[in-house]
Amino acid sequence: MKTEKYIVLRSQDVFSPTRGSTGMRGAGMRSTGDTSVKLEEADLTKRERNDLRRDPRTRAIALPMPLKLIAPVRRQMTDAVIPPTADQTITWGVKAVRAHESRFDGTGVTVAVLDSGIDPNHPAFASVNLIQQNFTTEDPNDLDGHGTHCAGTIFGQDVNGTRIGIARHIERALIGKVLGEGGGTSATLAKAIQWALHEGAHVISMSVGIDFPGYVDWLVKTEGMHVNPATSMALEEYRANVNLFTELASFVQAFSSFGQGAVIVAASGNESNRPQYEIAVAPPAAGTGIIAVGALGESDKGFTVAEFSNNQTDIAAPGVDILSAEAGSDKLTRMDGTSMATPHAAGVAVLWAQRQLEVNGRVENQSLMAQLVASGTYASLAPNNEEDDVGTGIVQAPLN
């Protein structure tokens, strides 16, 4: 009987040792009353899949869909040295979110970047403890440059006197390589989220998305399907994957009650072409409980939504002409995209998390999400920006 590989997310009891326990599950253990989830990939027949769907412990079940980078526009610099003028010693994105005015710097906070990896030899990361986990089959380092650029915006140190990083004193960063030249899937990303959470991440940044057109194309070319049923089938799995990431976000929220609190920040996507048309936020950012980030650019009337930025976002951040670390060199490069906006928001989330640690001694999921989203402001935006495009406005760092 034909089987297909599914991602299955199931609830399971969490046990803790009683007095005198040997540490083994079973005798000497008691239920905490909390729930955890088990994420696995399983080859299932249709009957087995349907049985699992009826099981109340099953939180989500979905076919893995291909991932893609939220592809940026690359603007190659001709010279690594930035002219030493006052306006150019701090990138416009860092100033726009007011990170340069904040007393917070990321100390004590752990951030996870789930992307194409990182160039660990770039000088922007010289003093950061990079914990790399490769979820692909290729080289563990960044062969694309996307992840390096994103990481530079979150926690990169100054390069040639230019400040590129929001939280420059982060000491520990989790780098999950979820996508490479060989591709990746939503299953890979789901595993990476769990890994980051259990490694103590306070903030998880993701500038990747599900490749819906690529999945339709695969069904047509590989499975020999007509485009209409292929699109219908892809939509079914698209919905299942949105539910998967919603359930994972729920687990992250629940984890906060008995473990380390964390928030997930994700790119809304670059599929819009304003003013001709606007596309809604793509998964995983479309999942409930994940903060979807739109991109802003500069104008003489204030910050304005980027023409490529998808709508139905929660917050907005700088995402046009963003200067950050270039993989494979010691230089900087410029890129555009909601991929570039997301690390600005993630970096600001790190600063709010540090503030929570100072005040409460721990990070709590819901309050951190609320603080980050509530920090948004319209004051520096151009007139007539719609809430659907920018959410609560441009995210702002805590000042004190």
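Residues numbered from 1 in each chain as written. Predicted model: local features only at pLDDT ≥ 70, side-chain atom pairs only at ≥ 80, totals over all residues. Heavy atoms only, no water.

Q: Looking at this structure, how should I read the packing of aromatic side chains?
A: Each aromatic ring pair is described using two quantities: the centre-to-centre distance and the angle formed by the ring planes. This model, assessed by the stated rule, comprises five aromatic pairs. Ring plane angle 35° and centroid distance 5.5 Å describe the contact between tryptophan 92 and phenylalanine 303, whose orientation is recorded as tilted. Taken together, the residues span a long stretch of sequence, with tryptophan 92 in helix 2 (residues 92–96) and phenylalanine 303 in the loop between strand 12 (291–297) and strand 13 (304–305) at a distance of 211 residues. Each member of the pair, tryptophan 92 as well as phenylalanine 303, carries the same accessibility label: buried. The interplanar angle of 70° and the centroid separation of 5.8 Å between the aromatic rings of phenylalanine 135 and tryptophan 195 together place this pair among those described as edge-to-face. (Phe/Tyr/Trp six-rings, centres within 6.5 Å; stacked < 30°, edge-to-face > 60°. Helix = DSSP H or I, 4+ residues; strand = E, 2+ residues; numbered from the N terminus. Buried < 20%, exposed > 50% of the residue type's maximum accessible area, 1.4 Å probe, protein only.)

Q: Help me understand the packing of helix 3 (residues 146–155) against helix 7 (residues 338–360), please; the structure alone is not making it clear to me.
A: To characterise two packed helices, one gives the angle between the axes of the helices and the distance between these axes. Across the interface, helix 3 lies against helix 7 with an axial gap of 8 Å and an inter-helix angle of 35°. Regarding helix 3 and helix 7, the two cross each other, and that crossing is right-handed. Residues His146, His149, Cys150, Thr153 and Ile154 of helix 3 form the contact with helix 7, whose participating residues are Ser339, Met340, Pro343, His344, Ala346 and Gly347. Counted by class, the contact of helix 3 with helix 7 contains five nonpolar, six polar and no charged residues. (Axes fitted to C-alpha atoms, helices over the stretch in contact; angles between N-to-C directions. Left-handed = near helix turned anticlockwise from the far one by under 90°. Contact = heavy atoms within 4.5 Å. Nonpolar A, V, L, I, M, F, W, Y, C, P; charged D, E, K, R; others polar.)

Q: Please explain unusual backbone geometry as it appears in this structure.
A: Excluding glycine, residues mostly have negative phi values, and the peptide bonds linking residues are mostly trans. Cis geometry is adopted by the peptide bond preceding proline 275, which originates at arginine 274 and carries an omega value of 5°. By the element assignment, proline 275 lies in the loop between strand 11 (263–267) and strand 12. Looking along the chain, the bond that leaves proline 283 and enters proline 284 is cis, with omega of 10°. Along the chain, the position of proline 284 falls in the loop between strand 11 and strand 12.

Q: Explanation requested: the side chain of threonine 91 in the structure shown.
A: Tracing the sequence through the fold places threonine 91 in the loop between strand 5 (73–75) and helix 2. On the accessibility criterion, threonine 91 (9% relative accessible area) is buried. If sequence neighbours within four positions are ignored, threonine 91 has contacts with Thr162, Arg163, Ile164 and Leu323.

Q: Can you help me understand the packing of helix 4 (residues 186–198) against helix 6 (residues 227–255) in this one?
A: With their axes 11 Å apart at the nearest point, helix 4 and helix 6 run at an angle of 5° to one another. When the axes of helix 4 and helix 6 are compared, the pair comes out roughly parallel. When helix 4 is examined against helix 6, the residues Ser186, Leu189, Ala190, Ile193, Gln194, Leu197 and His198 are found in contact with a partner set consisting of Asn241, Leu244, Phe245, Leu248, Phe251, Val252 and Phe255. In terms of residue class, the contact of helix 4 with helix 6 is made up of 10 nonpolar, four polar and no charged. (Parallel < 35°, antiparallel > 145°, perpendicular 65-115°, else oblique.)

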